[in-house]
Amino acid sequence: MSRLAQRARERVIEGGLAVCAGLSLVTTAGIVAVLTWETVAFFRDVSPLAFFTGRTWTPLFFNQQFGVLPLVAGTLLVAAIALATAVPAGVISALYLSEYAPPRVRRVAKPALEVLAGIPTVVYGYFALLFVTPWLQQWIPGLTGYNALAAGLVLGVMVLPLVSSLSEDALSAVPPGLREAAFALGATRLQAAVGVVLPAAWSGVSAAVILAMSRAIGETMIVAIAAGQQPRLTASPLVPIETMTAYIVQVSLGDVPAGTTAYRTIFAVGTLLFAGTFVLNLCSDWLRRRVPGAVR
Amino acid sequence: MTSARFADRAFHLLGLTVLVLALGMLGALLVDVARDGLGRVSWSFLTGYPSRRASASGLLPALAGSLWLVGLTALMAVPVGVGAAIGLEEYGGRGRLARLAEVNIANLAGVPSVVYGLLGLGVFVQVLRWDRSLLAGAGTLALLILPIVIITSREALRGVPASVREASLALGATKWQTVWHQVLPMALPGLLTGLILAVSRALGETAPLIVIGALSYVPFVPDGPRSPFTALPIQIYTWVSRPREGFRANAAATILVLLAVLLVINGLAIVARDRAARRRSA
Amino acid sequence: MCAPLQRSACALALLAASGLAGCGSDAAAVRTVVAVDGSSTVAPLTEAVAEDFQRAYPGTRVTIGVAGTGGGFRRFCRGDVDVANASRPITRTETAACAAAGIRFLEVPVAYDGIVIAVHPSNTWVDALSVDDLRRLWRHEAEGQVLRWSQVRGSFPDREMHLFGAGVDSGTFDYFTGVVTGVPRDSRGDYTSSENDNTLVQGVATDPLALGYFGFAYFEEHREYLKAVPIVAAPGTTAVPPSRDAIRAGAYHPLSRPIFVYVNADALAARADLAAFVDYYAEHAADVADDVGYVALDAAALRAVRVRVAARTTGSLFGGRQDSASLARTLTARLALDPAP
């Protein structure tokens, strides 16, 4: 092949690869476009003030109310329970694996934790509804069949590997010199870990926690199966609630006609969800880019 | 023993306990599912069709649907994803556009799966009118796993030493010849690992398929990309919601099948990873 | 020089391209699928009939969606599906939509169903509820207001009430609200609503403070986990618990009703497989109904329905209205008055 033809072929291939790379940008543009289109139409019928501050969510009913707070409250309640489970457990296991565990334990524990992360969420939902809730009902008599507690606990177990592995990465990135200096001064492993290594890895650990929060907020199947379908502004983890993600699934299972305000609610809620997780992901990213091991 | 020493020992114990508890949950889940479902897994269950009688129900349509979905999704996502990774890694440089693409992909990886469902609903179902077909489902899942494919592929490409590229270029090969004949074969095991992981993610997704409208009662095996379909996770979801004991067993058995498929796929990933390690050290 | 691995990559890419290209030409393929959508209450019956039908006629497939009666009618009147499952008669609005789209339909009553008011088996305080009690509990004014059992009747315990009921796309919802509050779709919104009756059964069966309403078939199937509340139709009458006989005779009143499938008349004439399915349904619904927890039509109604289906009579017997009187009684009366020509 002549050099000219060869160069032309290379150009074509490069163009093709650029298109592939550009598709990711197109995807983001697509998400933003689809969400914005329907949400803007939604806000023509419903006042943003009513949406963001209203305390009743009954868009499909006779007395249409579009206050999204009950859905947000449900989402945050479940996420809070999940984080309360995953963060302490995840950070502790990260510290253990990074500072204490013998190589044998690490070789088994790390892949096992990865398995925990790889299980489909619908399986976790099954577990929450049919195993965890009945078990909890033995200890908490007032617990209803659908509740935020079981869903939150199982969700916590699901994001634990995320917290653990990212925190561990952050802890390993701390320069060994810091650790050794602490030991040289007579610190125990715990004192070195908590007093020196953990603070140095703080941005990485925070990034992990924020990412876990983003995952918990965006999770759908566990809450759709086990947390309930009743939008309710409450702080009680013992009663049925509804999260933003479960609402989208609920409406999708019905057949609300396209173009109605009720249909657009799933996009309005979807936009809120997207914006929330997007901000959290950005924060997490920014924190992770900061140089680990910087001593203040 | 000083109090500091004691605290140290206590924390050691605490860490081990937490780990054991977390993995114990995994064990409890597997034991529970096995206890409910193992008795139900049989050839007739794997090849049967859904029925009103729990004991006569089977999951062939769901199994076939899942395999179809995974195949179509891979066909859509793999060329584009690997192409994008090559484009960004080998040709992209460190410019602003490349960095923007990188940030963008990282963000897309963190978008909730239900939002991808809304994207699929808006684009594939409403605009392209692919309706509730395998195509719409596969397209949605392909978009969902694309960031993962790109990120893991880039890592695999990065693993190829620069010396290989430089040697090839020094011998007079063009950039593309270098990529196609030298870099890709060396990165292949790593690429495969990433692809398999992405595909196993697609296999377990439920929410996006529900949002685009996958059916719950599909008593036939799909016959083409435009066919309506159901999938293993959807079948699990459908059966979980039926309180009858029999359907609970069916759901558990389907979970076992799904986990088995995932185990096989991830086993392949581990084998590929080992081959990559051996190749590189050779 | 193309090594084996690159060759398979090339092949894969070609396959992808041809696969996607071939999709466009797929557009006007002949349908061998009978698509049904609509009520999740009627779906189990249609599923049971479809299961037997597909064994008898292996060349045809039946898909069943559960978008709810309202959702099913919307798809039906757009021509997306040829058969709609409905747990209430077609409304005037829906009839008009179908007429506007040029769609004529057959209305085929297939069985009776009842709506059961269910509570947890450990609930000892509810022995009966009147229609008036239900109205005060479920009308939209009750939203946010009637939250405790004691507000329904003073003698009930002062404890929280957890409500479960049909979703808004459900015919069960339309019918229940129409009968109980007098205005169809007039309902409170602060309860666990689902088009999926199984979700409701789960909710009530695991919560001692729950009260829910859903189809009799779902109650029958999970009878051991639930307790049905007898209903007092009018002041002074005795409370009637839901049962097959009570529903068939119209004694379980006003919460019993016929359930239907609606069929696209033109598609029925054009498609042999659809005709086979509909005739099979009319012939065998009564056999399967009891199996699935429904109440087979009584002999007279059954005869009349079969004659109407054979004659392909179009139009609804109910004038688009949902009578608050027992639809079961109305059906028999209407069928008697209006036998097929």
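Residues numbered from 1 in each chain as written. Chains lettered and ligands numbered in written order. Predicted model: local features only at pLDDT ≥ 70, side-chain atom pairs only at ≥ 80, totals over all residues.

Turning our attention to the overall build of chain B. A count of helical and extended segments in chain B gives 11 helices and zero strands. Along its sequence from the N terminus, chain B presents helices and strands in the succession α-α-α-α-α-α-α-α-α-α-α. Dimensions of chain B, computed from the C-alpha atoms along their principal axes, are close to 70 × 70 × 35 Å. Classification of the 282 residues of chain B by burial places 54% in the buried group. Sequence-distant contacts, at least 24 apart, represent 77% of the contacts inside chain B between residues at least 6 apart. (Helix = DSSP H or I, 4+ residues; strand = E, 2+ residues; numbered from the N terminus. Buried ≥ 20, exposed ≤ 12 C-beta atoms within 10 Å, placed from the backbone. Contact = placed C-beta atoms within 7 Å.)

Attention now goes to unusual backbone geometry. For the peptide bond that leads from H253(C) to P254(C), omega is 0°, which places it in the cis range. Structurally, P254(C) is set in the loop between α10 (244–249) and β11 (256–264). Although it is not a glycine, R129(B) adopts a positive phi angle of roughly 60°.

A word on the pairing of strand β1 (residues 33–38) of chain C. All names here are of chain C. With five of six residues buried, β1 is to be regarded as a mostly interior element. In this sheet, strand β2 (residues 61–64) lies alongside β1 in parallel orientation, the contact comprising four bridges. Each residue of the ladder has a partner; that of V34, found in β2, is V62. Each parallel crossover has a hand, and the one from β1 via helix α2 (residues 43–56) to β2 is right-handed. Direction of pairing for β1 relative to strand β3 (residues 83–86): parallel, over a ladder of three bridges. When the sheet's bridge partners are listed, G38 is paired in β3 with N85. (Pairing = 2+ DSSP bridges. Right-handed = clockwise from strand over helix to strand, strands pointing away.)

Our next topic: the interface of chain C and chain A. Opposite the 26 residues of chain C that make contact, chain A presents 16 residues. Elements supplying a minimum of two residues to the side of chain C that touches chain A: α3 (69–76), β7 (192–194) and α8 (197–205) of chain C. Its residues assigned to classes, the side of chain C that touches chain A shows three nonpolar, 14 polar and nine charged. (Nonpolar A, V, L, I, M, F, W, Y, C, P; charged D, E, K, R; others polar.)

Turning our attention to the pairing of β11(C). Side-chain direction in a regular strand flips from residue to residue, so the side chains alternate between the two faces of the sheet. Residue and element names in this part refer to chain C. Extensive coverage of β11 is indicated by the burial of nine of its nine residues. The alternating pattern of β11 places S256, P258, F260, Y262 and N264 on one face and R257, I259, V261 and V263 on the opposite face, and all of these are buried. Where β3 lies against β11, four bridges are found, and the strand directions are antiparallel. Counted as the bridge partner of A86 is F260 from β11. The sheet contact formed by strand β4 (residues 105–119) and β11 spans nine bridges and is antiparallel. Residue pairing for β11: L106 is matched across the bridge by V263.

Let us look at the domain arrangement of chain A. Residue and element names in this part refer to chain A. Along its sequence, chain A is carved into domain 1 (3–45) and domain 2 (65–289). The straight-line distance from the C-alpha centre of domain 1 to that of domain 2 is 32 Å. Counting residues at the interface gives seven residues for domain 1 and eight residues for domain 2. A class-by-class count of the residues in the side of domain 1 that touches domain 2 yields four nonpolar, one polar and two charged. (Domains from an automatic or database assignment.)

This part takes up the interface of chain A and chain B. Size of an interface: often given as the accessible area lost when the parts come together. With 64 residues of chain A at the interface, the matching set in chain B holds 65 residues. The leading source of residues in the side of chain A that touches chain B is helix α1 (residues 3–45) of chain A, at 18 residues. For the side of chain A that touches chain B, the class distribution of residues is 41 nonpolar, 19 polar and four charged.

Bringing the packing of helix α7 (residues 176–184) of chain A against helix α8 (residues 189–200) of chain A into the picture now. All names here are of chain A. Running from N to C, α7 and α8 point in directions that differ by 160°, and their axes come no closer than 10 Å. Here α8 runs roughly antiparallel to α7, going by the angle between their axes. Judged by the twist between their axes, the crossing of α7 over α8 is right-handed. Counting all contacts with α7, which are made through L178, R179, A182 and F183, the residues of α8 involved are A192, G195, V196, V197 and A200. Partitioning the contact of α7 with α8 into residue classes produces seven nonpolar, one polar and one charged. (Axes fitted to C-alpha atoms, helices over the stretch in contact; angles between N-to-C directions. Parallel < 35°, antiparallel > 145°, perpendicular 65-115°, else oblique. Left-handed = near helix turned anticlockwise from the far one by under 90°.)

Here we come to helix α10 (residues 232–240) of chain B. Since there are 3.6 residues in each turn of an α-helix, residues three or four apart along the chain are aligned in direction. Within α10(B), nine of the nine residues are buried, leaving the element largely enclosed by the surrounding structure. Restricting attention to buried positions, one finds in α10(B) the residues L232(B), P233(B), I234(B), Q235(B), I236(B), Y237(B), T238(B), W239(B) and V240(B).

Residue and element names in this part refer to chain B. Examined against the element boundaries, A54 turns out to sit in the loop between α2 (43–47) and α3 (60–91). Put simply, A54 and W239 are 185 residues apart on the chain and 9.3 Å apart in space, counted from C-alpha to C-alpha. If we ignore the near neighbours within four places in the chain, the residues touching A54 are R244, G246, F247 and N250.

Ranked by size, the top nonpolar core spans 196 residues in total, and within it Y126(A), A128(A), A151(A), V154(A), V163(A) and A212(A) carry the most contacts. With 18 residues, helix α3 (residues 69–100) of chain A is the single largest residue contributor to this core. Inspection of this core shows a minimum of three residues originating in each of domain 1 (3–45) and domain 2 (65–289) of chain A. Beyond its immediate chain neighbours, meaning those up to four positions away, A151(A) contacts V78(A), A128(A), I222(A), V223(A), A226(A) and A227(A). Counting 96 residues, the second-largest nonpolar core is a separate cluster that includes A50(C), L106(C), A267(C) and A282(C). (Core = buried A, V, L, I, M, F, W, Y, C linked by C-beta atoms within 7 Å.)

Residues and elements named next belong to chain B. With 96% of its residues at a pLDDT of 70 or more, chain B shows a mean pLDDT of 87. By mean pLDDT, helix α11 (residues 245–281) is the weakest element of chain B at 82, and helix α6 (residues 134–158) is the strongest at 93. For this predicted complex, the interface score ipTM comes out at 0.89, alongside a pTM of 0.86. (pLDDT = per-residue confidence, 0-100.)

Time to look at the environment of T27(A). One can find T27(A) in helix α1. Discounting chain neighbours no more than four positions away, the residues touching T27(A) are L108(B), L143(B) and L146(B).

What follows covers helix α13 (residues 299–310) of chain C. All names here are of chain C. Look at α13: 17 Å from first C-alpha to last across 12 residues, which is about the 16 Å you get at 1.5 Å a residue. Within α13 the residues assigned to the buried category are A301, A304, V305, R308 and V309. For α13, the angular spread of buried residues about the axis comes to 135°, placing them on one side. The exposed set on the far side of α13, more than 90 degrees from its buried face, consists of A299, A300 and A310. Phi for R312, located one or two positions after α13, is positive at around 55°. (Expected span 1.5 Å × (residues − 1). Arc of directions from axis to C-beta.)

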